[in-house]
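A closer look at the structure
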Amino acid sequence: MGRRLVLFPVPFQGHINPMIQLANLLHSKGFTIIIIHTKFNSPDQSKYPDFTFHIIPDGLAEEHDDEASTSDITLFLKQLNFNCFVPFRECLANLLSNVENEDPISCLITDTNWYFTQDIADGFKLPRIAFRTCSICCFLAYQLLPLFREKGYLQKQDSQLEVRLTEFPPLKVKDIPFMKSRDHRVVDKFIRQMIEKTKAASGLIFNSSKELEENELIKIGQHICIPTFVLGPLHKYFPASSSSLLKQDRTAISWLDKQAPKSVIFVSFGSIAEMDEAQLSEVAWGIANSKQPFLWVIRPGLLQNSQELVRLPNGFLEAEDGRGYIVKWAPQQEVLAHPAVGAFWTHSGWNSTLESICEGVPMICSPFFGDQMVNSRFVNDVWKIGVQLEKGLARGEIEMVIRRLMSEKEGEEIRATAMSLKEKINSSLEEHGGSSNQSLESFIDYIVSL
Ligand code: UDX
């Protein structure tokens, strides 16, 4: 094909994974891949000998090095958008000027959260394709934020929290995706810029599937008038293990090998979510009291301000009585595909949600912030493949929901729906007629025509 593509991932695990998967996919279709990346959370180049990498200075203080998460994501991303502007422009200028004996660069593919890249692409008259790594339903909710503000929902008063939004059923006021931040004006402006610059892009990719979010895709078309491609679930083409920032503990798999089919609850809250000691204690007691075998990922940083060892509540180890196994980071995709896993208690990050759906594993959802709130509501109310913990982290509800979902008759319908959605979503990747596969072909034709 003889075309080069320049990709620029946002340096967080949940964004790096799908961008690298997309890079692998496009490379398998004949494109040459160039990755521009920050120093912070930089990818392991040795895993991708066929790609070319260019590092740019990100202006972050040294103490951020090797930190896989941060407590105010929006402020952090805003800072990165500002810091990277000049180095990114210089890097791209170099790539565009060194064209001797090189194939042409077709386009730039950047995360929608890199809103600053649109102006740079325009300056070079290089088409930019925006890549939205999160769900379509969440993007739709972000579109509607001005309306929600006008209606006074964003104050999230206690009396309103359970009210359904007539403007976006089945969301409740409490599900409106808002990022935790010290300053909500920063979040507002960030989302506005992200949407505005996405609309100015030459195209938009979602890591989702029409089989899952067709209605939301139609609704997004009323707001966004650029060519849109739904290519996911991307992890089914190329697994996320190679782009893991933390070492995946494979003893999790040998432990699972010794468990009975569908008996284990897998507990993992992604790479950014944090909880305080009281919440961690509710999680621990909820799991122990359910009497179900469990595999629990306690990542450094899951407990606020603790990068090191987490002390579990007194009496927990006696109570769980050897039923569980705890790791710092797991090979999550393999875990979810393991026959011993019967349910996934998740924070509803989009990658985790997709990975679970693709294996037919029903979910217990504890959203922490942002898109997780919307994903969780869709799992509970639209796709009906899981249960949202409506009371936050409370041991009584946790214990009850684990039992209900995993062993009781009441959970049977949810388990069956999860299995049938698995078939549907996986069919979207089929070579002949699969919706994501067709969209991929259109996408390739489109970027070659640019
Ligand atoms: C972030 C946001 O929090 C999330 O809401 C958004 O949708 C994407 O960006 P994160 O919180 O890390 O992501 O969650 P998620 O999207 O689920 O991504 C986590 C990734 O890490 C998944 O691909 C998962 O397989 C991987 N993972 C997780 C592991 O490899 N091992 C683990 O133990 C846990």
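For every chain, the first residue of the written sequence is number 1, and numbering continues from 1 onward in sequence order. The predicted origin of the model limits local features to residues at a pLDDT of at least 70 and limits the giving and counting of side-chain atom pairs to 80 or more, whereas totals for whole chains, interfaces and linings rest on all residues. Excluded from the side-chain calculation are hydrogens and water; included are all heavy atoms of the structure.

Our next topic: the overall build of the chain. Comment: elements are numbered from the N terminus, with helices defined as DSSP H or I runs of at least four residues and strands as E runs of at least two. Tallying secondary structure elements over the chain gives 17 helices and 13 strands in all. All radius of gyration figures rest on C-alpha atoms, and the globule criterion is 2.2 Å times the number of residues raised to 0.38. A compact globule built from 450 residues should have a C-alpha radius of gyration of about 22 Å, and the chain, at 22 Å, falls within 12% of that. Think of it in three bands: with a 1.4 Å probe and only protein chains considered, a residue is buried below 20% of the maximum accessible area for its type, exposed above 50%, and partly exposed in between. Out of the 450 residues belonging to the chain, those deemed buried represent 58%. The contact definition used throughout considers only heavy atoms, calling two residues in contact when any of these lie within 4.5 Å. In the chain, the share of contacts with a sequence separation of at least 24, taken over all contacts with a separation of at least 6, comes to 72%. A 1.4 Å probe and the Shrake-Rupley method give the accessible areas. Residues count as covered only by the protein chains that appear here. Surface accessibility of the chain: about 18700 Å² in total, with carbon and sulfur atoms responsible for 50%.

Salt bridge, as used here: a side-chain nitrogen of Lys or Arg that lies within 4 Å of a carboxyl oxygen of Asp or Glu. Counting across every chain of the model gives 19 salt bridges. Measuring nitrogen to oxygen at the nearest pair gives 3.1 Å for the salt bridge that ties Glu-167 to Lys-151. Taken together, the positions of Glu-167 in the loop between helix 6 (145-150) and helix 7 (184-199) and Lys-151 in the loop between helix 6 and helix 7 put the pair 16 residues apart, joining distant regions of the chain. Taking relative accessible area as the criterion, Glu-167 reaches 23% and is therefore assigned partly exposed.

So, on to the site of the ligand. Taken together, 22 residues lie around the ligand, and Ser-271, Ala-330, Ser-352, Glu-355 and Asp-371 are the ones closest in. Pairing of N or O atoms within 3.5 Å defines a polar contact, subject to two protein rules: one partner must be a possible hydrogen donor and the other a possible acceptor, and residues neighboring in sequence count only if both atoms are side-chain atoms. Within the side chain of His-347, an N or O atom sits 2.9 Å from an oxygen atom of the ligand. Take Asp-371: an N or O atom from its side chain is 2.5 Å from an oxygen atom of the ligand. When the free accessible area of the ligand is taken as 650 Å², the share hidden by the protein chains comes to 98%. Of all the secondary-structure elements, those providing two or more residues to the shell around the ligand are helix 1 (13-28), helix 13 (350-359) and helix 14 (371-382). For this classification, the nonpolar set comprises Ala, Val, Leu, Ile, Met, Phe, Trp, Tyr, Cys and Pro, the charged set comprises Asp, Glu, Lys and Arg, and every other residue, Gly included, is treated as polar. Residue classes in the shell around the ligand are distributed as 7 nonpolar, 13 polar and 2 charged. The start and end points of each domain follow an automatic or database-based domain assignment. Formed jointly, the shell around the ligand draws a minimum of three residues from each of two domains, domain 1 (4-237 + 429-449) and domain 2 (245-426). Note on terminology: near, applied to a residue and a molecule or strand, indicates that one of the residue's heavy atoms is within 4 Å of it.

For the rest of this paragraph, the subject is the side chain of Gln-292. Looking at where Gln-292 falls in the secondary structure, it is placed in the loop between helix 10 (277-290) and strand 9 (294-297). Residue Gln-292 is classed as buried on the basis of its relative accessible area of 13%. A polar atom in the side chain of Gln-292 sits 3.2 Å from the backbone oxygen of Ser-263. Setting aside residues no more than four positions away along its own chain, Gln-292 makes contact with Ser-263, Ile-265, Ile-287, Arg-323, Ile-402, Met-406 and Ser-407.

It is worth spelling out the domain arrangement of the chain at this point. For the chain, the domain assignment lists domain 1 (4-237 + 429-449) and domain 2 (245-426). Taken over C-alpha atoms, the centre of domain 1 sits 26 Å from the centre of domain 2. Taken together, the contact between domain 1 and domain 2 spans 44 residues of the former and 32 residues of the latter. Here domain 1 and domain 2 share an interface that buries about 3200 Å² over both sides, 62% of which is from carbon and sulfur atoms. Two parts placed together each lose some accessible area under a 1.4 Å probe, and adding up what both lose gives the buried area. Ranking the residues of domain 1 by area buried against domain 2 places Gln-13, Leu-212 and His-235 at the top, with a combined share of 21%.

Within the secondary structure, Met-363 is located in strand 12 (residues 363-365). Considering only alpha carbons, one finds Met-363 and Met-406, 43 residues apart in sequence, at a separation of 9.9 Å. Residue contacts for Met-363: discarding those within four places in its chain leaves Phe-344, Thr-346, Thr-353, Ser-356, Ile-357, Val-379, Ile-385, Gly-386, Val-387 and Leu-405.

Let's shift gears to the pairing of strand 5 (residues 128-132). Within strand 5, 5 of the 5 residues are buried, which leaves it mostly tucked inside the rest of the structure. Residues of strand 5 alternate between two faces, with Arg-128, Ala-130 and Arg-132 on one and Ile-129 and Phe-131 on the opposite face, all of them buried. Bridge analysis of strand 4 (residues 105-111) against strand 5 gives 4 bridges, and the strand direction is parallel. Across the sheet, Ile-109 pairs through a bridge with Ile-129, a residue of strand 5. Note on pairing: two strands pair once DSSP finds at least 2 bridges between them.

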